[in-house]
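# Architecture and fold: a report
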Amino acid sequence: KAMVDIAIYMKNELAKLGIEAAVEPVEAGAHKVLLLKGDFEATAFRDGSPGWDPDVIFGEYFVTGAGKNYGQWSDPKVDELFTRQSQSLDPAERRKLVSEMEKQALEGVPRVVLFWWSAFVVHWPQVRGYVMAGTVQHNQKFQDVWLAQ
């Protein structure tokens, strides 16, 4: 339902620009097939990433042939910068290359990120063994967490 609401919102915003669009809700499994085949003109979907490092984000979504580059977008300059930043051992040089890669991608990528979800964690002194991870996709098994009484 949330993705349908977002698609309707986008349809209405596009209409303000004189662009006609239709919303065609599909079941999640069928939608994934359409995504993987690139069989869509535009789509709304939500996804998660197991990290915030440029290797993860760009490697999954923006480089040519990336598994979640559903629009099959390609920019040789982004690919080249991705490889260079990924291989750089100098943090300052890597930051510079990542910044250049981001700017290059933003100029051409046909994707609009509407929001980036974050999790909020409540800390309670009686909970022991919990170690906060860098993303919400990590440390969700809680096998080492216990409640002190």
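Values in this document were obtained by computation on a predicted structure and should not be read as measured data.

Cut-offs and rules
Numbering of residues starts from 1 in each chain and follows the order in which that chain's sequence is written. A pLDDT threshold of at least 70 governs which residues receive local features in this predicted model, and a stricter bar of 80 or more applies before side-chain atom pairs are shown or counted, although totals over entire chains, interfaces and linings include all residues. Water and hydrogen atoms were dropped before computing side-chain values, which therefore reflect all heavy atoms in the structure. Like-charged residues within 9 Å of one another, or nonpolar side chains (Val, Leu, Ile, Met, Phe, Trp, Tyr) within 5 Å, are grouped into patches, provided each residue has over 30% relative accessible area and no salt bridge. Throughout, the Shrake-Rupley method with a 1.4 Å probe supplies accessible areas, and for residues the shown protein chains are the sole cover considered. A side-chain nitrogen of Lys or Arg and a carboxyl oxygen of Asp or Glu constitute a salt bridge if their distance falls within 4 Å. Strands are runs of DSSP state E lasting at least two residues, helices are runs of H or I lasting at least four, and both sets are numbered from the N terminus onward. Residue exposure (1.4 Å probe, protein chains only): buried if accessible area is under 20% of the type maximum, exposed if over 50%, otherwise partly exposed. Helix span, expected: 1.5 Å multiplied by one less than the number of residues in the helix. Pairs of residues are marked as contacts when any of their non-hydrogen atoms sit within 4.5 Å. Any pair of nitrogen or oxygen atoms within 3.5 Å is treated as a polar contact; in protein, a donor-acceptor pairing is required on top of that, and neighbouring residues in sequence qualify only through side-chain atoms on both sides. Per-residue confidence from the predictor is given as pLDDT, running between 0 and 100.

## What about a nonpolar patch on the surface?
A grouping of Trp-124, Val-127 and Leu-147 is seen on the molecular surface, where their side chains present a nonpolar patch of about 280 Å² in accessible area. You can see Val-127 is positioned in strand β1 (residues 127-128). Residue Val-127 is classed as partly exposed on the basis of its relative accessible area of 35%.

## Structural notes on helix α4 (residues 76-87)
The terminal C-alpha atoms of α4, which comprises 12 residues, lie 17 Å apart, in line with the 16 Å expected from a rise of 1.5 Å per residue. Looking at the buried positions of α4, the neighbouring elements they touch are α3 (54-61) and α5 (91-108). For α4, the N-terminal cap is Asp-75; the gap from its side-chain oxygen to the backbone nitrogen of Lys-77 is 2.8 Å.

## Some points on the confidence of the model for the protein chain
Counting all residues, the mean pLDDT for the protein chain is 87, and 92% of those residues have values of 70 or more. Mean pLDDT in the protein chain bottoms out at helix α1 (residues 2-16), which sits at 89, and peaks at α4, which reaches 97.

## Quick word on the side chain of Glu-60
Residue position: Glu-60 is located in helix α3. Setting aside residues up to four positions removed in sequence, Glu-60 forms contacts with Gly-48, Ser-49, Pro-50, Asp-55, Ala-66, Gly-67, Lys-68 and Asn-69.

## Examining the environment of Leu-34
When you line up the elements, Leu-34 lands in helix α2 (residues 28-37). Among the residues examined, Leu-34 registers a relative accessible area of 26% and is labelled partly exposed. Remark: the alpha-carbon pair of Leu-34 and Tyr-70, spanning 36 residues in sequence, is separated by 8.9 Å. In contact with Leu-34, other than residues within four places in its own chain, are Val-26, Asp-39 and Phe-40.

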